[in-house]
Amino acid sequence: MSEKSEFLDPETGEVMLFGEGISACPQPVYSELVAKCPVARMAMVGSKVLSRYEDVVWALRQPEIFSSQMEVQMALGTERPMIPQQIDPPAQTAYRKLLDPRFSRKRMKQIEPDVRRQANALIDQFVDEGACEFDRAFAIPLPCGAFLSLFGLPHDELELFLELKDGIIRPQTKLADPMDMEGATALRNATGQRIYAYFEKLIDERKAAPCDDLMGFLVKAELDGRPLSRNEILDISFLLLLAGLDTVTATLGCNVAYLAANPEQRRRLAAQPELIPAAVEELLRWETPVTGVPRLVKKDVELHGVEIKAGEMVTLLLGAADIDPAEFPEAEIVDFGRRENRHIAFGAGPHRCLGSHLARMELRVALEEWHRRVPEYSIQPGETPRYSPGIREVQYLPLVWEARG
C-alpha cells in the first residue's frame, strides 16, 4: 500500500492544494506531486492537475489540446472571454500583436524613472518609523500606481479599483462565510457589472477627449483594418485591471517575505545589488505567485498512463513545475546565481504573460530601492505573515527595522 502524506493520497491521486498553511509554504506539496503523482486530481474540485515541468510546458504550448477558451469563463463575473487571456490562436495572436508594443522592454525603460520616484516617495512615508505592514505600505501602492499611470486611471480611485479587483479574484475575503460559494459567485457577477460600467464611461471620455494613455490607445486602435469594438475594449480592460493590480503586488510581497525570513539572502542583496535581476528570476521560480492556470481539454490525451478526456478541466500547476528537479538542479535551493533559469512563472507558449516586462522592471526597481533604503529588516516578532490561496499574496506582512533618529 502506498504511504499517504498530509497533502497527497498516491492511491487515489487526490491532492489538497488549498488552505492558508499550504499557501504560505506550497513547495512540499509541489515536490510530492512531481515525484509521486504527475497527474493528480484536485480535492473537492475533481479536476486533474499536471505538475511536472515538461508536461506543463508542453500543455501550455498546445492550445489546440489545452484551450484557454471556455464556454463558462471560470465564474469571474464576465459576460464574454477576457482578451487575450481567454481566447486561443489565431485570434489571440492578432490581439497580442496589437498589445505587445504597449508593454515592450523599450516602453518599460521609459517609465522606469517614474516607478523609481514612486518607490522612494512611498519609503519616505515610513522609513523613519522602523516598521510597516508591507502589503498596504509598499507592495500594493507601488505596482498599482505604475499600472494606473500606464492605463490613464486616476490614482485617487485606487481603493475603488482594489475593491473591484478583490471582488473578482478574492470574493471570499468580502464574505461573512468564506466557504459561501453562491455568495462568492453573486459578488463576482455584481462586481463584473461595476467594472464594465466603469470602463464604458472611460471609453466615452477618451473618445470625447483623446490622450496618449492605454485607454486612449485602445479607442484609436485598429485590428485587421477595423477599429476595436466597444466589447473588445471592455474585455481587454477587464483583464488588464485584474492582472495589473494583483500579480506584481502578490509577487513582491512573497519575495520580501522570503527575504525577511532568510537574512543571509537578504544581506547578499543589500550588499550586492547587482544580484537583484537574477534574484528576481529565482524568486519568481521559487515563489511563483500565480500557482496554476486552468485549461479546457479539447482532445483526448494520455499522460503517465492517465487518460484525460475532451471536455475535462485541467490545472497546469506552474508552481510545481518551477521546482521540478528534472529541469532545475537542486531545485529546493534558492540560488541567486542559478544558470539556465527557464522558470514559467509568466507561463509559456502563446499565452505567456503580456505584462512580463512591466512586472520584471517593477520588481527589480522595488527590490533595489527597498534594500538601498531599508537594508536590515525582519518580520515583527510574534507576528505571522498571512497568505491567500490561488494567486499567492501576502496580505499581512508586518516588518520592523531600526528606527532613525
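Our subject is the structure listed above.
About the criteria used
Residues numbered from 1 in each chain as written. Predicted model: local features only at pLDDT ≥ 70, side-chain atom pairs only at ≥ 80, totals over all residues. Heavy atoms only, no water. Pairing = 2+ DSSP bridges. Helix = DSSP H or I, 4+ residues; strand = E, 2+ residues; numbered from the N terminus. Phe/Tyr/Trp six-rings, centres within 6.5 Å; stacked < 30°, edge-to-face > 60°. Buried < 20%, exposed > 50% of the residue type's maximum accessible area, 1.4 Å probe, protein only. Lys NZ or Arg CZ within 6 Å of the ring centre and 35° of its normal.

**A short note on the sheet that holds strand β13 (residues 378–379)**
- The three strands are arranged β6-β16-β13 in an open sheet whose pairing can be described as antiparallel. The two strands at the open ends of the sheet, each matched to only one other strand, are β6 (131–133) and β13.
- Here β13 pairs with strand β16 (residues 398–400) via two bridges, running antiparallel. Within β16, the residue paired with Ser378 across the bridge is Val400.

**As for the packing of aromatic side chains**
- Counting across every chain of the model gives 14 aromatic pairs.
- Centre to centre, the rings of Phe134 and Trp370 are 5.0 Å apart; their planes meet at 90 degrees, and the pair counts as edge-to-face. Within this pair, whereas Phe134 is found in helix α6 (residues 134–139), its partner Trp370 is found in helix α16 (residues 356–373), the two being separated by 236 residues in sequence.
- Ring geometry for Tyr196 and Phe238: centres 5.2 Å apart, planes at 55 degrees, overall tilted. Remark: Phe238 occurs in helix α11 (residues 230–244) and Tyr196 occurs in helix α9 (residues 181–208); sequence separation between them is 42 residues. Assigned by exposure class, Tyr196 and Phe238 land together as buried.
- Chaining the aromatic ring pairs together yields one cluster made of Phe126, Phe134, Phe138, Trp370, Tyr377 and Trp401.
- The residue whose ring lies beneath Arg266 is Tyr377, and the NZ or CZ to ring-centre distance is 5.3 Å.
- Lying across the ring of Phe328, Arg285 places its NZ or CZ 5.3 Å from the centre.

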